[in-house]
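# A closer look at the structure
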Amino acid sequence: MTVAPEDLLPLALSRPHDAIEAAQELLAGQPDAETASIAHQAGGIGLRQLGEVDAAIRELRKALRLAEESGLPEREADVLATLGATLGRAGRSREGLARLDRAVELSRGALAGRVLLRRADVLLMLGRHREALDDLRLAISRLRRSGDQVWEARTLNYRGVIQLRLGGTRQADADFDRAGQLYAEAKQDFEYAETRQNRGWAAFMRGDLPAALQYLGEAAQGYDEVGVAWPDLTIDRCAVLMAAGLTAEALTEADEAIGRMEPGGVPAAKRAEVLFTAATAALAVGDPATAQERAEQARRLFSAQRRSWWSVRASMLRLEAQYRAGERGPRLLRQVVRTAGRLDELSTAEASAAHLLAGRLALSEGRQRTADRQLELAGRLSKEVPPPVRSAAWLGRALRAEARGEVRRMLTACGRGLDALDEYRLMMGATELRARTTGHGAELAELALREALGRDDARGLLTWAERWRATALTVPPVRPPGDEQLISDLAQLRDVVQRLESTPEPIRPPSLERDRRRLEAAVRDRVLRAQGNNSGQSEGALDLTELQDELGSTALVELIDIGGTLHAVVVADGELVRYEVGPMATAAVEVERSRFRLRWLAHGRSKSGPTLEVLGKRLGDAILGPVQDVLGKRAVVMVPPASLQAVPWAMVPALADRPVNVVASAAMWLRAQRLRPPADRRVVLVLGPGLTAGRAEINRLTELYPKAVVLRDGDATAERVLHELDGAWIAHIAAHGTFRADSPLFSSLRLDDGPLTVYDFERLRRAPYRLVLSSCDSGLAKPVGADELLGLSSSLVPLGAAGILASVVPVNDPATVPLMTAVHDHLQSGRSLAEAFAQARSTAGADPVADAAGRSFVALGA
């Protein structure tokens, strides 16, 4: 392709492949020294953009030699500036700055502005932010006067980056926005993508994760279109994913980036930054040994590159990894205190977290004065920080108040820290983000719970447990109305999964599995970008008086894990009483034993071994302990922690003959209890494919509900089922289900046209008032965040489902037919779902398979 020499340099930053080709074509014509210098400079820039830094430097040295031969100071200054900037990015900052200083001396006017910008770039990498800002202020004024639109945009973009480093998110976003407009007008595609990436980082710094993911997605698309793999994008995406609680995904991206870093293929500066990111991700997933190793590798590279701002941050990351690995002692304390002070001097965002760690270490060493000072520094608040950073500052204040014995001040700090995270949570439209980000508040809630436990304050325990339990489910997920792309992606995913399941594995084309992964990623990515609308403001503290009034003669049992010990708060007859149950680990073991036995019996595999009665007694003792003796004959509302969500409550002898509702929080039960059934008493019966017993089940229910909408034999398609389920009075779905522990929102029910996932259910305007899921383990959910659940049944609660009947272990389908028929018989007589289920269980008789099926279900909601 033929390109005029004056167009080559802009092309190199916009479309590097095309620029390299055009430069080679120009050089083939043996041009004069000035033109050849431009061609080699453009080729060098293009190679740098593609990650081939060593080759880029060789090209730029040729360009410099030819510029000197041309006798044109401006040409020499321009190449010196490009070479200096590239050397800086390669980690050779001293040589790079020397070249840039010489370029500043040689340049005037608009050229001086361009040179100052490139020197600011190297200063930025070195963490010399104020000096870089001074250069940029001069550069902007000179470029604006000269009318150089592209270079003005570049300067604004760099100034935005520095504003971000210094905490000025609004000023930075304004600079990125204006730079993007100028790049778009000039058709600078690569650099326009870079401004989208930078706007994503600004959104992240404000705590707006959905906007950050949106901008970073747009940047990725832009880079793809110009054929560039950009390490900075990986670095930024990993940070956003970690803030969202998606730590495993962040580690995967970081590991893949390390795998792509062939020697000479990625600038040394970026190699160090990717290693730093990978170390942070390893620490986030609980692998401190890997985090230490990578942090030290990054620190050495940063030190060799004389990048002290980065080097100190890597040192702090290594120290935190040592702490997470169990290291303690005065030596580590001294190192952390010293490093925290350096981070303060460098104005880094990590300084507060470093002081918080120093405070913890000092407390463990009994160094009260040091702890007090470090926690005071950790508790400094600033307006220009995202909510998680503010929450961490409140944690510092809470720990300091606890150490001083200032209980009221500690509880106030805990509340304020959780308030900040409420604000953060409501910025997100996706249930998954809301759930995972609650992990930021776990320690604040634990502090307040420990204090209430120390005073044996049952009311305080219940209040604080409710303050940070199942908060992601307090408001429905946000879905843009008529999101046609999401609907299309879900439909394509159903088609692909159906083809996968219907094709024998030996002849299954690999492309189908690739398509499934691609479509799942597209769906999840689109949903995670949904903005919160803040219309579902936090409802505040649970009103215990209202709860007691609504309970009436029903007892509520809230189980709370504090430091590995399970406690129960029982609300009954207007009183709140705390009981100590026992070790959480014992409860978890007995839950798994019970579930294993139910799975075994479901298919008649074993009649030997402990009976369900024996296992149920063990389960009750482990999970309820003394509470079993105080419940009387009451109906019960069970509120377990997320880690105990899969309990088969019907196995516990003390609960076997009574209605039991299971909910994620008392507040959720209160909301579900107040829901009123729809005026339209519409019943929907759905039969999925491949469920032989389900046909008999649906046939019997059709006799009970002669006016029901019945979907089966090709009519049970996703869109039809969703349409009929929306706002139904009673819905019964007999379909094979799949619980996806790896990605719980892709848990699904199998319909005639493929899987109906949680993402599909979240498109409902209102879930069915009562829903029965009669097959598989559709009651399962995955614990995430602080005390949250992600799964099929949990997603329907905020959408208006008052009651759901679902199993927590796979069941024998034929054995559920009489059980389900009995449940609906009792529902028709006016019973609640929990009452109907309790009475239906008594019909199992002596059949062990039917008995196991009856004990495998739970009634969720009210």
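The structure we're discussing is the one just above.
This is a predicted model, so every value here is computed, not measured. (Residues numbered from 1 in each chain as written. Predicted model: local features only at pLDDT ≥ 70, side-chain atom pairs only at ≥ 80, totals over all residues. Heavy atoms only, no water.)

## With respect to the sheet that holds strand 16 (residues 857-861)
Basically, it comes down to this: Being paired, for any two strands, means DSSP has found at least two bridges between them. Helix and strand labels come from DSSP, where a helix needs a run of H or I of at least four residues and a strand needs a run of E of at least two; each type is numbered from the N terminus. For helices, the axis comes from a line fit to the C-alpha atoms of the stretch in contact; other axes are also lines fit to C-alpha atoms, and the angle between any two N-to-C directions lies between 0 and 180 degrees.
Read across the sheet, 11 strands follow the order 3-2-1-4-5-16-15-12-8-6-7 without closing on themselves; strand pairing throughout is mixed. Looking along the sheet, the strands with just one partner apiece sit at the ends: strand 3 (575-583) and strand 7 (709-711). Across the sheet, the axes of successive neighbouring strands diverge by a mean angle of 20°, strand direction being ignored. With 3 bridges connecting them, strand 12 (residues 770-773) and strand 15 (residues 803-807) associate as parallel partners. Residue pairing in the sheet places Val 772 in a bridge with Leu 805 of strand 15.

## Comments concerning the packing of aromatic side chains
This is how the line gets drawn: Here a Phe, Tyr or Trp ring, Trp counted by its six-membered ring, pairs with any other such ring whose centre lies within 6.5 Å, and the pair is stacked when the planes are under 30 degrees apart, edge-to-face when over 60, and tilted otherwise. Exposure is judged per residue with a 1.4 Å probe applied to protein chains only, and the accessible area is read against the type maximum: over 50% gives exposed, under 20% gives buried, and values in between give partly exposed. Charge over a ring is defined by NZ of Lys or CZ of Arg lying within 6 Å of the ring centre and within 35 degrees of the ring normal.
All told, the structure shown has 10 aromatic pairs when counted by the stated rule. Seen in terms of ring centroids, Phe 190 and Tyr 223 are 5.4 Å apart; in terms of plane orientation they differ by 45°. Their pairing is tilted. Of this pair, Phe 190 sits in helix 11 (residues 189-206) while Tyr 223 is found in helix 12 (residues 209-225), placing the two residues 33 residues apart along the sequence. Pairing Trp 309 with Trp 310 gives two aromatic rings, centres 5.3 Å apart and planes at 85°, and the pair type is edge-to-face. Residue Trp 309 shares its accessibility class with Trp 310, and that shared class is buried. An aromatic cluster is present here, built from Phe 276, Phe 302, Trp 309 and Trp 310 joined pairwise through their rings. Above the plane of the ring of Trp 310 lies Arg 313, whose end atom (NZ or CZ) is 4.6 Å from the centre. Here the basic side chain of Arg 328 rests over the ring of Tyr 323, its NZ or CZ set 3.8 Å away from the ring centre.

## Quick look at the environment of Arg 108
Structurally, Arg 108 is set in the loop between helix 6 (93-106) and helix 7 (109-125). You can call Arg 108 exposed: its relative accessible area is 57%. Measuring from C-alpha to C-alpha, the distance between Arg 108 and Ser 70 comes to 18 Å, with 38 residues separating the pair along the chain.

## Some remarks on the pairing of strand 2 (residues 565-572)
The side chains of a regular strand alternate, first on one face of the sheet and then on the other. In terms of residue burial, strand 2 counts as a mostly covered element, since 7 of its 8 residues are buried. Pairing of strand 1 (residues 555-562) with strand 2, which is carried by 7 bridges, proceeds in the antiparallel orientation. Of the residues in strand 2, the one forming a bridge with Leu 556 is Val 571. Counted along the chain from strand 1 to the antiparallel partner strand 2, the turn is 2 residues long, and its residue Gly 563 has a positive phi close to 60°.

## What to know about the pattern of salt bridges
Defined as follows: Note on definitions: salt bridges are taken to be side-chain nitrogens of Lys or Arg within 4 Å of carboxyl oxygens of Asp or Glu.
Under the counting rule described, the total for this entry stands at 77 salt bridges. Between Glu 320 and Arg 324 there is a salt bridge, with its nearest N and O atoms 3.0 Å apart. On the criterion of helical spacing, the pair formed by Glu 320 and Arg 324 is a turn pair, its members being 4 residues apart in helix 17 (residues 308-324). Classification of Glu 320 as partly exposed rests on a relative accessible area of 25%. Taken together, the shared-partner salt bridges connect Glu 513, Arg 516, Arg 517, Glu 520, Arg 740 and Asp 742 into one network.

## Brief notes about empty space enclosed by the protein
Heads up, the condition is: Cavities and pockets are defined on a 1 Å grid built over the protein atoms alone: a cavity is a set of grid points where a 1.4 Å probe fits but cannot escape, while a pocket is an open set with protein on both sides within 12 Å along at least five of seven lines, and lining residues are those with an atom within 4 Å of any such point. Grid points are joined across faces, edges and corners, and a volume is the space filled by probe spheres set on the points.
As enumerated under the stated definition, the model contains 5 cavities of 30 Å³ or more in all. Its volume calculated, the largest cavity comes out at about 280 Å³. Among the secondary structure elements, those contributing two or more residues to the lining of the largest cavity are helix 31 (666-674), strand 14 (788-791), helix 35 (792-796) and strand 16. In terms of residue count, strand 16 provides more of the lining of the largest cavity than any other element does, 3 residues in total.

## Structural notes on unusual backbone geometry
If you check the backbone angles, Gln 30 has positive phi at about 50° while not being a glycine. Following the sequence through the fold, Gln 30 ends up in the loop between helix 2 (16-28) and helix 3 (33-49). Using a relative accessible area of 72% as the deciding quantity, one classes Gln 30 as exposed. Its identity is not glycine, yet Asp 573 carries a phi of approximately 55°, on the positive side.

## Some points on the sheet that holds strand 11 (residues 754-757)
Whenever strands of a sheet pair, they do so through backbone hydrogen bonds, lying parallel or antiparallel. The sheet built from 3 strands is open, its strands ordered 9-10-11 with antiparallel pairing. Looking at the sheet topology across the chains shown, the edges are occupied by strand 9 (737-738) and strand 11. Note: strand 9 against strand 10 (residues 748-751), 2 bridges, orientation antiparallel. Opposite Gly 737, over in strand 10, you have Leu 749 as the bridge partner.

## Notes on a positive patch on the surface
Definition in use: The residues that make up patches have over 30% relative accessible area and no salt bridge, and they are joined within 9 Å when like-charged or within 5 Å when they are Val, Leu, Ile, Met, Phe, Trp or Tyr. For the area figures, the Shrake-Rupley method with a 1.4 Å probe applies, and any residue is considered shielded solely by the protein chains shown. Positive residues here are Lys and Arg, negative ones are Asp and Glu, while His and the chain termini are left out of the count. To locate a charge, take NZ of a lysine, CZ of an arginine, CG of an aspartate or CD of a glutamate.
The grouping of Arg 331, Arg 334, Arg 338 and Arg 367 at the surface amounts to a positive patch. Relative to the helices and strands, Arg 367 resides in the loop between helix 19 (351-364) and helix 20 (368-378).

## Quick word on helix 27 (residues 510-528)
So the rule is basically this: Every helix has an expected span of 1.5 Å times one less than the residues it contains. The directions considered for the arc are those from the helix axis to the C-beta atoms.
Counted at 1.5 Å a residue, the expected span for helix 27 with its 19 residues is 27 Å, and the 27 Å between its end C-alpha atoms agrees. Of the residues making up helix 27, those classed as buried are Leu 512, Arg 516, Leu 519, Glu 520, Val 523, Arg 524, Val 527 and Leu 528. Each buried residue of helix 27 sits inside an arc of 165° when the element is viewed along its axis, so together they form one side.

## A short note on the packing of helix 16 (residues 288-304) against helix 17
Stated precisely, the cut-off is as follows: Any angle from 65 to 115 degrees is called roughly perpendicular, while one under 35 is roughly parallel, one over 145 is roughly antiparallel, and all others are oblique. Two helices crossing with the near one rotated counterclockwise from the far one by less than a right angle form a left-handed crossing, whereas a clockwise rotation gives a right-handed crossing. Contact definition: two residues touch when any of their heavy atoms are within 4.5 Å. Residue polarity is assigned by list, with Asp, Glu, Lys and Arg as charged and Ala, Val, Leu, Ile, Met, Phe, Trp, Tyr, Cys and Pro as nonpolar; anything else, Gly included, falls into the polar class.
The N-to-C vectors of helix 16 and helix 17 enclose an angle of 160°; their axes lie 8 Å apart at closest approach. When the axis of helix 16 is compared with that of helix 17, the two are roughly antiparallel. Crossing geometry of helix 16 relative to helix 17 is assigned as left-handed. Across the interface between the two elements, Pro 288, Ala 291, Gln 292, Ala 295, Glu 296, Ala 298, Arg 299, Phe 302 and Ser 303 from helix 16 touch Trp 310, Ser 311, Ala 314, Ser 315, Leu 317, Arg 318, Ala 321, Gln 322 and Arg 324 from helix 17. Looking at side-chain class alone, the contact of helix 16 with helix 17 contains 9 nonpolar, 5 polar and 4 charged residues.

## A word on the side chain of Asp 208
Counted only if it meets this: Counted as a polar contact is a pair of N or O atoms within 3.5 Å, where, for protein atoms, one must be capable of donating a hydrogen and the other of accepting one, and residues adjacent in sequence contribute only when both atoms are in side chains.
Topologically, Asp 208 is positioned in the loop between helix 11 and helix 12. For the buried Asp 208, no salt bridge is present, and the opposite-charge side chain at shortest range is Arg 206, 4.4 Å distant. There is a polar contact of 3.1 Å between the side chain of Asp 208 and the side chain of Gln 531. Residues in contact with Asp 208, not counting those within four places in the same chain, are Ala 203, Met 427 and Gln 531.

## Concerning the environment of Pro 848
Tracing the backbone through its elements, the reader meets Pro 848 in helix 38 (residues 848-855). On the basis of relative accessible area, Pro 848 is assigned to the partly exposed category, the value being 39%. Considering only alpha carbons, one finds Pro 848 and Leu 598, 250 residues apart in sequence, at a separation of 9.8 Å.

## Re the nonpolar core
The cut-off we apply is this: By nonpolar core is meant a set of buried Ala, Val, Leu, Ile, Met, Phe, Trp, Tyr and Cys residues that side-chain atoms within 4.5 Å join together.
Core analysis: the biggest nonpolar cluster contains 238 residues, and Leu 547, Val 557, Ile 623, Leu 624 and Trp 649 have the highest contact counts within it. Among the elements that make up this core, the one with the highest residue count is helix 15 (residues 268-284) (10 residues). Apart from residues lying up to four places away in sequence, Val 557 is in contact with Ala 568, Val 569, Val 570, Leu 624, Val 627, Leu 631, Val 636, Val 637, Met 638 and Val 639. Val 683, Ile 698, Val 811 and Phe 857 belong to the second-largest nonpolar core, a separate cluster that totals 28 residues.

## Topic: the pairing of strand 1
Burial within strand 1 is extensive, with 7 of its 8 residues counted as buried. By the bridge criterion, 4 bridges tie strand 1 to strand 4 (residues 636-639) in an arrangement that is parallel. What sits directly across from Val 557, in strand 4, is Met 638.

## Side note on helix 29 (residues 584-602)
Between the first and last C-alpha of helix 29 there are 27 Å, a value that for 19 residues agrees with the 27 Å anticipated at 1.5 Å per step. Burial in helix 29 covers these residues: Met 584, Ala 587, Glu 590, Val 591, Ser 594, Arg 595, Arg 597, Leu 598, Leu 601 and Ala 602. Burial along helix 29 is one-sided: seen end-on, the buried residues are contained in an arc of 160°. Looking at the buried residues of helix 29, the elements they touch are strand 1, strand 2, strand 3, helix 30 (612-623) and helix 38.

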